[in-house]
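The primary structure of each chain is shown beneath.
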Amino acid sequence: MSAEFGGPIGLRGRLTRWLRGSGPTEAADGGREALLLAAAAAGLPLAPAAHPAADYRCSCDRVGCPTPARHPISFAWQTQSTTDRAQIERWARHQPQANFITATGMTHDVLDVPLEAGREALDRLLDSGVEVGPVAESDDGRMLFFTLTRGTPEDEDEWWPCELDCHPETMDEHPGLRWHCRGSYVLMPPARLPGDHGRSVRWVRGLEHALPDPLTLLEVLTDACARHGDRQDRAGTGWQRF
């Protein structure tokens, strides 16, 4: 982790306390807030999200919440998402246990792949000298590659909805890949997930790395996902996209 985020040892210790479910005073210290503000400074719009509650539940208290601790608090998250430093500071300090989401498709997209495939692809990309950009890992088995978006509000014809997240054109072409763009979001590291042992979403490569064009990563990611799917089939476990 880059020293510009407060030093690798001290910041890592503060984040570890927060990810283990520390109380409000500890959670509001500089670690989480520094990373959220760094994300906003990099142009990634943020909004508050739910967090884990007791017994693997979600803080939203919805019975049978399908995505516990992984969804925005407000239905208006797309308009609420912001890079405004003062607003993010208020949210972080007044909601010290909250996770945060980042709305994709405005300044950045996220290529979301199975963890095993993502690790394989990351090694290949770095060995090839490709500028990868920020990457996060999630303990629910996904790896998130943060990229520039392929469209902007000023260039409306270049937008497309987040189809690969729900309706990939073919599973053969995009096995296991979710492309979060307009109308989608992902959890912003650091985030806590329900479960034991401090399950989390965390940075593998931080925001000191510039956002790349997604097309520079896409071929290697889809190839790694295809091999991962083949291994799953050979093992007899079947392919699980979600």
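The structure contained in this document is the topic of the report that follows.

1. A word on the nonpolar core
One finds F146 and M188 to be the most contacted residues of the largest nonpolar core, which totals 29 residues. Sorting the residues of this core by element identifies α3 (30-41), β1 (46-49), α5 (85-94), β2 (99-103), β5 (142-148), β7 (185-187) and β9 (200-205) as the ones contributing at least two each. Element by element, the count of residues in this core is highest for α3, at six residues. Of all hydrophobic cores here, the second largest spans 20 residues; its members include L111, M143, A224 and C225.

2. Quick look at the sheet that holds β7
Two orientations exist for strands paired in a sheet by backbone hydrogen bonds: parallel and antiparallel. Taken in spatial order, the three strands make up an open sheet running β1-β2-β7, and their pairing is antiparallel. Here the strands that pair on one side only, and so sit at the sheet edges, are β1 and β7. The mean inter-strand angle of the sheet, taken between neighbouring strand axes irrespective of direction, is 35°. Summarising the sheet, β2 and β7 pair through three bridges and their orientation is antiparallel.

3. So, the pattern of salt bridges
The tally for this structure, following the rule as stated, stands at twelve salt bridges. A salt bridge links E33 to R93, with the nearest nitrogen and oxygen atoms 2.6 Å apart. Of this pair, E33 sits in helix α3 while R93 is found in helix α5, placing the two residues 60 residues apart along the sequence. On the accessibility criterion, R93 (48% relative accessible area) is partly exposed. R142 is the partner of D112 in a salt bridge, and the nearest nitrogen-oxygen pair spans 2.7 Å. Taken together, the positions of D112 in strand β3 (residues 108-114) and R142 in strand β5 put the pair 30 residues apart, joining distant regions of the chain. Here D112 and R142 have matching classes, each one buried. Each of R119, E137, D139 and R202 takes part in one network of salt bridges that share partners.

The rules behind each value
Residues numbered from 1 in each chain as written. Predicted model: local features only at pLDDT ≥ 70, side-chain atom pairs only at ≥ 80, totals over all residues. Heavy atoms only, no water. Core = buried A, V, L, I, M, F, W, Y, C linked by side-chain atoms within 4.5 Å. Buried < 20%, exposed > 50% of the residue type's maximum accessible area, 1.4 Å probe, protein only. Helix = DSSP H or I, 4+ residues; strand = E, 2+ residues; numbered from the N terminus. Pairing = 2+ DSSP bridges. Axes fitted to C-alpha atoms, helices over the stretch in contact; angles between N-to-C directions. Salt bridge = Lys/Arg side-chain N within 4 Å of Asp/Glu carboxyl O.

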